[in-house]
Protein chains: 2
Amino acid sequence: MAKDKKLVEAITSMDVDFAQWYTDVVKKAELIDYSSVKGCMVIKPAGYAIWENIQKELDRRFKETGVENVYMPMFIPESLLQKEKDHVEGFAPEVAWVTHGGLNPLQERMCVRPTSETLFCDFYANDIQSYRDLPKCYNQWCSVVRWEKETRPFLRSREFLWQEGHTAHATAEEAEERTLQMLHLYADFCEEVLAMPVIRGRKTDKEKFAGAESTYTIEALMHDGKALQSGTSHNFGDGFAKAFGIQYTDKDNKLQYVHQTSWGMTTRLIGAIIMVHGDDSGLVLPPEIAPIQVMVIPIQQHKEGVLEKAAGLKDALQLAGIRVKMDDSEKSPGWKFSEQEMRGIPIRVELGPKDIAAGNCVLVRRDTREKIECSLEDLPSVAAELLKTIQKDMFARAKEHQQSHITDVTSYGEFKDAVEQKPGFIRAMWCGDVECETKIKEDTTATSRCLPLDGQAPISDVCVCCGKPAHKLVYWGKAY
Amino acid sequence: MAKDKKLVEAITSMDVDFAQWYTDVVKKAELIDYSSVKGCMVIKPAGYAIWENIQKELDRRFKETGVENVYMPMFIPESLLQKEKDHVEGFAPEVAWVTHGGLNPLQERMCVRPTSETLFCDFYANDIQSYRDLPKCYNQWCSVVRWEKETRPFLRSREFLWQEGHTAHATAEEAEERTLQMLHLYADFCEEVLAMPVIRGRKTDKEKFAGAESTYTIEALMHDGKALQSGTSHNFGDGFAKAFGIQYTDKDNKLQYVHQTSWGMTTRLIGAIIMVHGDDSGLVLPPEIAPIQVMVIPIQQHKEGVLEKAAGLKDALQLAGIRVKMDDSEKSPGWKFSEQEMRGIPIRVELGPKDIAAGNCVLVRRDTREKIECSLEDLPSVAAELLKTIQKDMFARAKEHQQSHITDVTSYGEFKDAVEQKPGFIRAMWCGDVECETKIKEDTTATSRCLPLDGQAPISDVCVCCGKPAHKLVYWGKAY
């Protein structure tokens, strides 16, 4: 038992040091490892399996809306990157440059894609001719590179995995509709699958994507009260189309520019799952996304019949469509419990000789540690039902945490106090002036997260910073 | 109908110019497009959907053998690439070098991975401690870069998509077993799913992978009689383990080196599908891998009830688990037929007012153009059965083509004649001397494809090149 204790103690408590707790969970739950490549991570099987489940479910939802997958080159020639002025200014300082192919210097250097707007635009300029070719709703799953100075696993790394959707439409209205459609798809995915409530909103001009007309965002709240931008959807209007010459002939045979969108979600979602649901025993995975939903752990497994019975339970759960494994390693049960908890597996099933004699087994919820006794025959249906309950309860708890960490302020003094003393979102009115936005960031390190989309009522009529008339309600917060 | 004719005429006949036919199919079936990034391709939806099906089925088969997916960084620091002597010599001349991150030169340049042995070894050196950590059976899906001078879509491009498996084992025997297990998995996949017969064999030392102790290969035969290496599996012995210091403590507490393997398949498989099954009307996809298996094409679709009935057939086919679409665009039926043929969709279902009146529809096989009448009620079961038949027939035809294009030769004169006049594999004895292998390549451009694994009997007792005693039967051929 000394060993078991050590395993659990090896995690820093989140109240003592949240950043260290996060790093401990990421390592101890075997999600990632650091690599010899500075700022890049190795995603290990337990981490990658979560990403596979995210991919599978997002991809399914994308395809239901008519999205098709493609693959673009990973390199962008410098001249292509420079075609859209705002875009190149936003990204050029943080790209990795390829200058040599084999033994020879390249005629023109290329960057590794930080994002692929320029490649899709270059493609669309040739591929789109007529209104019959529209809309184009393409997506790709790939990795991108941004040369960050400070990195943290999943949250900010020099290379990360993501999907990037890029669409082209005949009209501005259609582009705006697709931009919002994808934002809501992202939000629904976070809430339904990751059990993670989000604020849906629009970014201020200062915070929007380089080259976008408008950027929409979903913002989630972490355990420590910091916000995490969890997905963005951009409307480019016809800005890129004009820079790249993407035109189509409409039904009246007139040349028109297309209107474009892009939208992306990344492996940073795994960081969000950790920081929304985790606890001092490690990861807590929502059942919908958990690669293993139930771990069967035999007790006194060398006693006759125990392993066979446990394997039978595993098979029965599998047959019921549950992702299940059995831990029949030579470790002690306590050690196995700690590992299952660290890895965030939603339910463990304990089964020993006494349970078998009584025709029962014990289910233990990872999220609440509640123990539930159940007959062996009923296990598959009880477990299936319990997985649903856990998913629902995890969302409710996260929602309650989010709601109880929103502070309304109407004066600058209150604003500064809230940033210091009340971790979470701050709701405050803003005049729309970028100078106020910049001042707030400089004074408090809180940034404007978004202008909420659901028409929340104003809470005063003056800007919290300058006192001038203000109509815009903004969510502010410290952010990852 | 003039338009329809043009679409078909736009493909070069494969007998006139096979290379041009290939390029035409790749473009006309909308599998890829060229990009502004020299030597890199854009994989379009019709091409990427084939890759997704390849991924899904291969990944399923991998996981059945205990493989887990991970993700390694895309960059390799130069010092890491240089750790294994043969490996760096094989790859350094064809890698892309990153020299700058943002505005600053890097302290050490890095290449974009051409393959990830070095990264996996670097990881395993830290991750593997004890015999309890073995075996490690990891795989990743990613893109890799090799700075090729001459490129062709799918077959040879500067960036391509692939999977690369990397395993570490306690013993040499286990490593060899895994190497062969994956080779047979690849071969079975090609034959069962891609309807593509392959020769399973071992590469000569000259042709093996840089750093490998032995390389196994599957070799497929294209329509034009050229071979295509379609998958490889390498046994590294403990060479990389010694270069990278990957050691574990065994049960007797002694330090041992691990034994490693790697194995990969790439988007070049799509090129193989085209060149094994295609014809002068375009692509012909095996049903198992076809993104769309059945295309329903309504005739006189503006006549009352036609579209509704066609949509009903589509729904019924979908319900039966068939991947089906309906083409209700405003194009002429002839144009739609040509498009469906070009895209290689295995079956089209034609349905017009006369068919409806008779309670029938017509199925047309893409591979043989055979027409089959069937009652509307029976369509789902008839189509499902026909898909199986097409899959089986396509394999049988490809197998017949392969078998009829193998020529046995016992003298050097016969060898040279066969290379000139009999496209396909040449079976000939070889003494094992690399000088003969090199001479044959220089004289004829044919290369040793493999030493077959299935114990084929010798066809003479002397080397076809030098006349010295020879025990090795080799498949030779021109190759992509």
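Coordinates for the structure precede this section.
Here is a short report on the structure shown in this document. (Residues numbered from 1 in each chain as written. Chains lettered and ligands numbered in written order. Predicted model: local features only at pLDDT ≥ 70, side-chain atom pairs only at ≥ 80, totals over all residues. Heavy atoms only, no water.)

## Examining the relation of the copies chain A and chain B
The two chain copies are connected by a rotation around an axis plus a translation along it.
1) Next: Rotating chain A by 180 degrees and translating it 0.0 Å along the rotation axis places it on chain B, where the RMSD comes to 0.0 Å. Such a combination of turn and shift is consistent with a two-fold rotation axis. Proximity to the rotation axis, assessed at the C-alpha, singles out Val-98 of chain A in chain A; its C-alpha lies 2.1 Å from the axis.
2) Next: Comparing interface residues between copies, 100% of those in chain A also sit at the interface in chain B, which points to an isologous, same-surface contact. (Least-squares fit on C-alpha atoms with pLDDT ≥ 70 in both. Contact = heavy atoms within 4.5 Å.)

## Considerations on the side chain of Glu-78 of chain B
Residues and elements named next belong to chain B.
1) Next: In this fold, Glu-78 is placed in helix α4 (residues 78–81).
2) Next: At 3.0 Å, the side chain of Glu-78 forms a polar contact with the side chain of Arg-109.
3) Next: Setting aside residues up to four positions removed in sequence, Glu-78 forms contacts with Trp-97, Glu-108, Arg-109 and Met-110. (Helix = DSSP H or I, 4+ residues; strand = E, 2+ residues; numbered from the N terminus. Polar contact = N/O pair within 3.5 Å; in protein donor to acceptor, adjacent residues only side chain to side chain.)

## Here we look at the packing of aromatic side chains
1) Next: Counted according to the given criterion, the structure contains 36 aromatic pairs over all chains.
2) Next: Aromatic side chains Phe-123 of chain A and Tyr-124 of chain A sit 5.9 Å apart centroid to centroid with 50 degrees between the ring planes, which places their arrangement in the tilted category. Comparing Phe-123 of chain A with Tyr-124 of chain A, the two get one shared label, buried.
3) Next: Relative to Trp-162 of chain B, the ring of Phe-160 of chain B lies with its centre 5.9 Å away and its plane at 85 degrees, an arrangement referred to as edge-to-face. Exposure class is identical for Phe-160 of chain B and Trp-162 of chain B. Each is buried.
4) Next: Aromatic ring contacts, followed pair by pair, group Trp-51, Phe-62, Trp-141, Tyr-186 and Trp-263 of chain A into a single cluster.
5) Next: Note that Arg-109 of chain A overlies the ring of Trp-97 of chain A, its terminal NZ or CZ placed 3.8 Å from the centroid. (Phe/Tyr/Trp six-rings, centres within 6.5 Å; stacked < 30°, edge-to-face > 60°. Buried < 20%, exposed > 50% of the residue type's maximum accessible area, 1.4 Å probe, protein only. Lys NZ or Arg CZ within 6 Å of the ring centre and 35° of its normal.)

## Re the pattern of salt bridges
Residue and element names in this part refer to chain B.
1) Next: All told, the structure shown has 61 salt bridges over all chains when counted by the stated rule.
2) Next: The closest approach of N and O atoms between Arg-61 and Glu-57, which form a salt bridge, is 2.7 Å. Here Arg-61 and its partner Glu-57 are both found in helix α3 (residues 45–64), four residues apart, which amounts to about one turn of the helix. Each member of the pair Arg-61 and Glu-57 is classed as buried.
3) Next: Put simply, Asp-279, Glu-341, Arg-348, Glu-350, Arg-366 and Arg-369 are held in one network by salt bridges that share partners. (Salt bridge = Lys/Arg side-chain N within 4 Å of Asp/Glu carboxyl O.)

## Let's talk about the packing of helix α14 (residues 412–421) of chain A against helix α15 (residues 434–444) of chain A
Helix packing for two helices is described by the angle between their axes and how far apart those axes are.
Residues and elements named next belong to chain A.
1) Next: Here α14 crosses α15 at 45 degrees, and the two axes come no closer than 11 Å. Classified by the angle between their axes, α14 and α15 sit oblique to one another. With respect to the hand of their crossing, α14 and α15 are arranged in right-handed fashion. Contacts from Tyr-412, Phe-415, Lys-416 and Val-419 of α14 reach α15 at Lys-439, Ile-440, Asp-443 and Thr-444.
2) Next: Each residue belonging to the contact of α14 with α15 can be placed in one class, and the counts come to four nonpolar, one polar and three charged. (Axes fitted to C-alpha atoms, helices over the stretch in contact; angles between N-to-C directions. Parallel < 35°, antiparallel > 145°, perpendicular 65-115°, else oblique. Left-handed = near helix turned anticlockwise from the far one by under 90°. Nonpolar A, V, L, I, M, F, W, Y, C, P; charged D, E, K, R; others polar.)

## Examining the interface of chain A and chain B
Interfaces are often sized by the amount of accessible area the parts lose when they come together.
1) Next: Contacts between the two partners involve 49 residues from chain A and, on the opposite side, 49 residues from chain B.
2) Next: Counting every contact that joins chain A to chain B gives four salt bridges.
3) Next: Glu-52 of chain B serves as the salt-bridge partner of Lys-63 of chain A, at 3.1 Å between the closest nitrogen and oxygen.
4) Next: Applying the counting criterion to the chain A and chain B interface returns 23 residue pairs in polar contact (both at pLDDT 80 or more).
5) Next: Looking at which element gives the most residues to the side of chain A that touches chain B, the answer is strand β5 (residues 96–101) of chain A, with six residues.
6) Next: Looking at the side of chain A that touches chain B residue by residue, the class counts come to 30 nonpolar, eight polar and 11 charged.

Function-wise, these values are silent; they only describe arrangement.
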